[in-house]
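Architecture and fold: a report
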Amino acid sequence: MPYQDDLFYIEETKKGDLNAFGILIQKHEKYAFTLALRILKHREEAEEVAQDAFMKAYYGIHSFEGNSKFTTWLYKIIFNEAVGRQRRKKNKWDLIENEVAETIISQDLLGGIENLLAQERKELIQKGMERLKSNESAVLTLFYLEEQSIKEIQEITTYSESQVKILLHRGRKNLFDILQKITNNELINLL
Amino acid sequence: MNREELNHQDQLGKWIKESAHDHPSINFSETIINTIASQQQQTIYQPVISPIGLRIITTCILSICIYVLFFLPSGESEGVWSLKNIKFPNIHFAEYLFFPPIPSSNIILNSSLLAFSILLFFSMLLWSRRINKA
């Protein structure tokens, strides 16, 4: 279904058209759900959080003035909802350590992943993302999958620029480590 | 950041994009819309007296209070601050202890019949209007 610009649906929703908001949900539900899932790592909870976030967005849509992208505004609500739930559940949110170890990635790993079938590679990356720390997978998802800029990620997460960069760097490194472990285990299982 | 690291990032970014978004349940958006619609349909009780009406009533009551307290001529007393000077009149309660004369039974009967016929007339009128509407 070809969608129109977000602002069109927002204006219609502000006029009271609930169907317009329904289309807006359909347009962004995958993105919203994926971000919530990357943070919470639990499908049912992620769905609940994404639904709550959309409800909040609906009731607060009159306060959206269009100064930033709708997605940035929506992701901010989702991020806060998910982190709030994570905090209540675990009573802690992953701290950002400033030290970043040097990334040493073997060419064998890269070549091995590249040679996998697309479906296998997709499953492997998803497994890796599930095992990453919540804040690292959230930032990686926002940066690569949702294609948000570092400035937009800063706005969504309220992290500083350096914290976002650290999380991106460490997330990439840890993801490679996890992928290495997964592929090694699979190789061991095969032998 | 060296060239090799950039290449790794490009590859990782490509794979993450390739891994695509996760899908929520089929009725995800429907659930949200239904919840919002049901919340909007809930009965909202509004006050019988509007805010403007309340202000008017409050103003009236306040003005009456102010008039009674400060402007009502009260004999020797000159206001609320001179209450200690008020001299209460001597009331002889014996003067008020009387029973009003009881009207004759004819008057009671006539007035009852009149009230009953008025009520009957209005109830018939309302009933006929209801039948016409139906």
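Above this text you will find the structure in question.
On a predicted model such as this, the values are computed, not experimentally measured, just so you know.

Focus on the interface of chain B and chain A
The partner chain A presents 42 residues to the 30 residues of chain B that form the contact. For chain B, the biggest contributors to the area lost against chain A are Trp15(B), His21(B) and Asp22(B); these three give 21% of the whole. Here chain B and chain A share zero salt bridges between them. The interface formed by chain B and chain A holds five residue pairs in polar contact (both at pLDDT 80 or more) in total. At the level of elements, helix H1 (3–19) and helix H2 (28–41) of chain B are the ones that each hand at least two residues to the side of chain B that touches chain A. The leading source of residues in the side of chain B that touches chain A is H1(B), at 13 residues. The class makeup of the residues in the side of chain B that touches chain A is 11 nonpolar, 13 polar and six charged.

Let's talk about the packing of helix H2 (residues 18–40) of chain A against H2(B)
Their axes nearest at 9 Å, the elements H2(A) and H2(B) cross at an angle of 150 degrees. With respect to their mutual orientation, H2(A) and H2(B) come out roughly antiparallel. In the packing of H2(A) onto H2(B), the handedness of the crossing is right-handed. Listed contacts from H2(B) to Leu18(A), Phe21(A), Gly22(A), Ile25(A), Gln26(A) and Glu29(A) of H2(A) are Phe28(B), Ser29(B), Ile32(B), Ile33(B), Ile36(B), Ala37(B) and Gln40(B).

Some words on the nonpolar core
Ranked by size, the top nonpolar core spans 60 residues in total, and within it Phe21(A), Phe54(A), Ile78(A), Leu140(A), Leu175(A) and Ile16(B) carry the most contacts. Among the elements that line this core, the one with the most residues is H2(A), at 12 residues. Leaving out residues up to four positions away in the same chain, Ile16(B) has contacts with Ile125(A), Met129(A), Leu140(A), Tyr144(A), Leu145(A) and Leu175(A).

Examining the pattern of salt bridges
Pairing between side chains of opposite charge can happen when the charged atoms of each approach one another. Residues and elements named next belong to chain A. Throughout the structure, instances matching the rule amount to nine salt bridges over all chains. We note a salt bridge from Asp6 to Lys27, for which the minimum N-O separation is 2.7 Å. Highlighted residues: Asp6 in helix H1 (residues 6–14) and Lys27 in helix H2, separated in sequence by 21 residues. In this structure, the salt-bridge partner of Glu161 is Lys165, at a minimum N-O distance of 2.9 Å. With Glu161 and Lys165 both in helix H9 (residues 161–190), this residue pair falls four residues apart, about one helical turn.

Side note on unusual backbone geometry
Residue and element names in this part refer to chain A. In the Ramachandran plot, Lys41 falls in the positive-phi region, its phi being about 60 degrees despite a non-glycine side chain. Positionally, Lys41 belongs in the loop between H2 and helix H3 (43–59). When its relative accessible area of 32% is taken as the criterion, Lys41 is described as partly exposed. For Thr158, which is not a glycine, the phi torsion comes out positive at approximately 60 degrees. Examined against the element boundaries, Thr158 turns out to sit in the loop between helix H8 (150–157) and H9. According to the relative accessible area criterion, Thr158 is exposed, its value standing at 61%.

Some words on the packing of helix H7 (residues 134–145) of chain A against H8(A)
When two helices pack together, their arrangement is captured by the angle between the axes and the distance separating the axes. Residue and element names in this part refer to chain A. Where H7 contacts H8, the axes come no closer than 10 Å and their chain directions differ by 140 degrees. It follows that H7 is oblique to H8 by the angle criterion. Taken as a pair, H7 and H8 cross one another with a handedness that is right-handed. Residues Val139, Leu142 and Phe143 of H7 pack against Ile150, Ile153, Ile156 and Thr157 of H8. Residues of the contact of H7 with H8, tallied by class, amount to six nonpolar, one polar and no charged.

Rules used in this analysis
Residues numbered from 1 in each chain as written. Chains lettered and ligands numbered in written order. Predicted model: local features only at pLDDT ≥ 70, side-chain atom pairs only at ≥ 80, totals over all residues. Heavy atoms only, no water. Contact = heavy atoms within 4.5 Å. Buried area = accessible area lost by both parts, 1.4 Å probe. Salt bridge = Lys/Arg side-chain N within 4 Å of Asp/Glu carboxyl O. Polar contact = N/O pair within 3.5 Å; in protein donor to acceptor, adjacent residues only side chain to side chain. Helix = DSSP H or I, 4+ residues; strand = E, 2+ residues; numbered from the N terminus. Nonpolar A, V, L, I, M, F, W, Y, C, P; charged D, E, K, R; others polar. Axes fitted to C-alpha atoms, helices over the stretch in contact; angles between N-to-C directions. Parallel < 35°, antiparallel > 145°, perpendicular 65-115°, else oblique. Left-handed = near helix turned anticlockwise from the far one by under 90°. Core = buried A, V, L, I, M, F, W, Y, C linked by side-chain atoms within 4.5 Å. Buried < 20%, exposed > 50% of the residue type's maximum accessible area, 1.4 Å probe, protein only.

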